[in-house]
Amino acid sequence: GDSVTQMEGPVTLSEEAFLTINCTYTATGYPSLFWYVQYPGEGLQLLLKATKADDKGSNKGFEATYRKETTSFHLEKGSVQVSDSAVYFCALSSNRDDKIIFGKGTRLHILP
Amino acid sequence: DAGITQSPRHKVTETGTPVTLRCHQTENHRYMYWYRQDPGHGLRLIHYSYGVKDTDKGEVSDGYSVSRSKTEDFLLTLESATSSQTSVYFCAISESLSSTDTQYFGPGTRLTVL
């Protein structure tokens, strides 16, 4: 079945460092791909998404490119801030199914 | 922010008691979902609804039931709570089942079963 694998955390970085959180997926067909973020004590909120191959989603300085050839959707940010500390979830939604499949989440700590 | 509220936000209960969690939305979205979040598992779908009185099971539905009598409300019931149901429960909504559509999440309910 469809699945999402993302790098395990926690990831700890200093402020202004470059961030990469890896995400790969397995799916039949052409899924849409998402990154959700969960700040402490809150629900998940959409960070960015891409609905077809080679699309780049971006928001709040974060970017991810839908790479069909490597089945990946890695999240990147050029200069992280303390306020980016959160748990990040990669997810996919298949066009043959009606459900979103989430990765296990990656906790990110940014040190001042 | 999407208008989604969950109640209660925190609950402690004992094994064997029934528990009902409520999700309320003001967005008039057709689709509603219940997830549980556990360390090492991410989010797992319990049940979802595609309209009033129309519901279906997710991947971890055993021990849970749901009801949707109004568009805006989706109830999750634990008929007889067990310690394995200690978790954080999230409600979500979406306008459609399109794979490109976004799900919007509520703030969560932390449930502890002693």
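Here we summarise the structure given alongside this text. (Residues numbered from 1 in each chain as written. Chains lettered and ligands numbered in written order. Predicted model: local features only at pLDDT ≥ 70, side-chain atom pairs only at ≥ 80, totals over all residues. Heavy atoms only, no water.)

1. Re the overall build of chain B
So, point 1. In terms of regular secondary structure, chain B is built from 0 helices and 11 strands.
So, point 2. Its helices and strands taken in sequence order, chain B reads β-β-β-β-β-β-β-β-β-β-β from the N to the C terminus.
So, point 3. Computed over its C-alpha atoms, the radius of gyration of chain B comes to 13 Å, within 12% of the 13 Å expected for a compact globule of 114 residues.
So, point 4. C-alpha atoms of chain B, sized along the principal axes, occupy 40 × 30 × 25 Å. (Helix = DSSP H or I, 4+ residues; strand = E, 2+ residues; numbered from the N terminus. Rg over C-alpha atoms; globule rule 2.2 N^0.38 Å.)

2. Considering the interface of chain B and chain A
So, point 1. At the junction of the two partners, chain B supplies 20 residues and chain A supplies 21 residues.
So, point 2. Between chain B and chain A, a total of about 1600 Å² is buried, with carbon and sulfur atoms accounting for 55% of that surface.
So, point 3. At the boundary of chain B and chain A, one finds 0 salt bridges.
So, point 4. Taken together, the connections running from chain B to chain A amount to 4 residue pairs in polar contact (both at pLDDT 80 or more).
So, point 5. Counting residues per element, the side of chain B that touches chain A draws most heavily on strand β5 (residues 42-51) of chain B, which supplies 4 residues.
So, point 6. Tallied by class, the residues present in the side of chain B that touches chain A amount to 8 nonpolar, 9 polar and 3 charged. (Contact = heavy atoms within 4.5 Å. Buried area = accessible area lost by both parts, 1.4 Å probe. Salt bridge = Lys/Arg side-chain N within 4 Å of Asp/Glu carboxyl O. Polar contact = N/O pair within 3.5 Å; in protein donor to acceptor, adjacent residues only side chain to side chain. Nonpolar A, V, L, I, M, F, W, Y, C, P; charged D, E, K, R; others polar.)

3. Focus on the sheet that holds strand β7 (residues 64-70) of chain B
Residue and element names in this part refer to chain B.
So, point 1. Reading across the sheet, the 4 strands line up as β1-β3-β8-β7 and stay open at both edges, with antiparallel pairing between neighbours. In this open sheet, the two edge strands, each paired with only one partner strand, are β1 (4-7) and β7. Going across the sheet, the axis of each strand differs from the next one's by a mean of 20 degrees, ignoring polarity.
So, point 2. As defined by bridge partners, β7 adjoins strand β8 (residues 73-78) across 5 bridges and the pair is classed as antiparallel. In the strand pairing of β8, Val 66 is matched with Leu 76. (Pairing = 2+ DSSP bridges. Axes fitted to C-alpha atoms, helices over the stretch in contact; angles between N-to-C directions.)

4. What about the sheet that holds strand β8 (residues 62-65) of chain A?
All names here are of chain A.
So, point 1. Read from one edge of the open sheet, 4 strands run β3-β9-β8-β7, paired in antiparallel fashion. Edge strands, defined here as strands with exactly one partner in the open sheet, are β3 (19-21) and β7 (56-59). Between one strand axis and the next, the sheet turns through 15 degrees on average, direction left out of account.
So, point 2. Bridge count between β3 and strand β9 (residues 75-77): 3 bridges; the pairing is antiparallel. Looking across to β9, one finds that Thr 20 is bridged to Glu 76.

5. Quick word on the nonpolar core
So, point 1. Grouped together as the largest cluster of nonpolar side chains are 26 residues, with contacts concentrated most on Trp35(A), Leu47(A), Leu48(A), Phe73(A), Leu75(A) and Tyr88(A).
So, point 2. Elements supplying a minimum of two residues to this core: β2 (11-14), β3, β4 (23-26), β5 (32-38), β6 (44-50), β8, β10 (86-93) and β12 (106-111) of chain A.
So, point 3. If you look at the next biggest cluster of nonpolar residues, it comprises 19 residues, including Trp34(B), Val66(B), Phe74(B) and Ala81(B). (Core = buried A, V, L, I, M, F, W, Y, C linked by side-chain atoms within 4.5 Å. Buried < 20%, exposed > 50% of the residue type's maximum accessible area, 1.4 Å probe, protein only.)

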